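Architecture and fold: a report
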Amino acid sequence: MFVGTFEHALDGKGRVVLPASFRARLEHGGYVTKRLDGCLAVWTPDEFEREAQEMLEKERRGEIARNVVRSFSAGAAPIRPDAQGRIALPQNLREFAGLERDVAVIGHFTSIEIWDASRWREVDQEGEALLAGGAPAV
């Protein structure tokens, strides 16, 4: 599982360093995609396949808009960490997520999320407030 929060900065080529604990599961590559709430998601090949199949099923049942599935698949890009553990984030995905320099790389159990650092702090504070208020964790 992917867990934890790590602060990093994009380099001049739009690359971000993945935490060492995340790299082993992506040594043979993976995918980066758009994600709900305006962040990016990094998936192992198996999890990407599972997510894609789930989205297609939801589309067939009318639970998700066809254009959401199209945007998800059209924006997906293969990734493979380099020797320094960096992955390149395509310009269109960086623009989608509002990534310019400082980013938060967080574990989301079956995927990795990449957020603009200031936006992540807002999302995290909201989540903490809900947890502190006794909101269900699911």
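In this report, the structure presented in the accompanying data block is examined. What you see is a predicted model, and the numbers here were worked out from it, not measured in a lab.

Here we come to unusual backbone geometry. Residues other than glycine seldom take positive phi values, yet Asp-37 does so here, at roughly 75 degrees. Note on placement: Asp-37 falls in the loop between β3 (30-35) and β4 (39-43).

In this section: the pattern of salt bridges. Throughout the structure, instances matching the rule amount to 12 salt bridges. Put simply, Arg-66 and Glu-59 hold a salt bridge, and the shortest N to O gap is 3.4 Å. According to the relative accessible area criterion, Arg-66 is exposed, its value standing at 52%. The shortest N-O distance in the salt bridge between Arg-119 and Glu-122 comes to 3.4 Å.

Judged by pairing direction, the sheet is antiparallel, and its six strands sit side by side in the order β1-β7-β8-β4-β3-β5 without closing on themselves. Lying at the two open borders of the sheet, with one neighbouring strand each, are β1 (5-9) and β5 (77-79). Put simply, the sheet's adjacent strands are angled 30 degrees from each other on average, direction ignored. Strand direction decides the pairing type here: β3 and β5, joined by three bridges, are antiparallel. Directly across from Gly-30, in β5, lies its bridge partner Ile-79. Strands in contact with helix α2 (residues 45-60) are β3 and β4; relative to β4, the strand with the most contacts, it is inclined by about 120 degrees.

Scoring rules and cut-offs
Residues numbered from 1 in each chain as written. Predicted model: local features only at pLDDT ≥ 70, side-chain atom pairs only at ≥ 80, totals over all residues. Heavy atoms only, no water. Helix = DSSP H or I, 4+ residues; strand = E, 2+ residues; numbered from the N terminus. Salt bridge = Lys/Arg side-chain N within 4 Å of Asp/Glu carboxyl O. Buried < 20%, exposed > 50% of the residue type's maximum accessible area, 1.4 Å probe, protein only. Pairing = 2+ DSSP bridges. Axes fitted to C-alpha atoms, helices over the stretch in contact; angles between N-to-C directions. Contact = heavy atoms within 4.5 Å.

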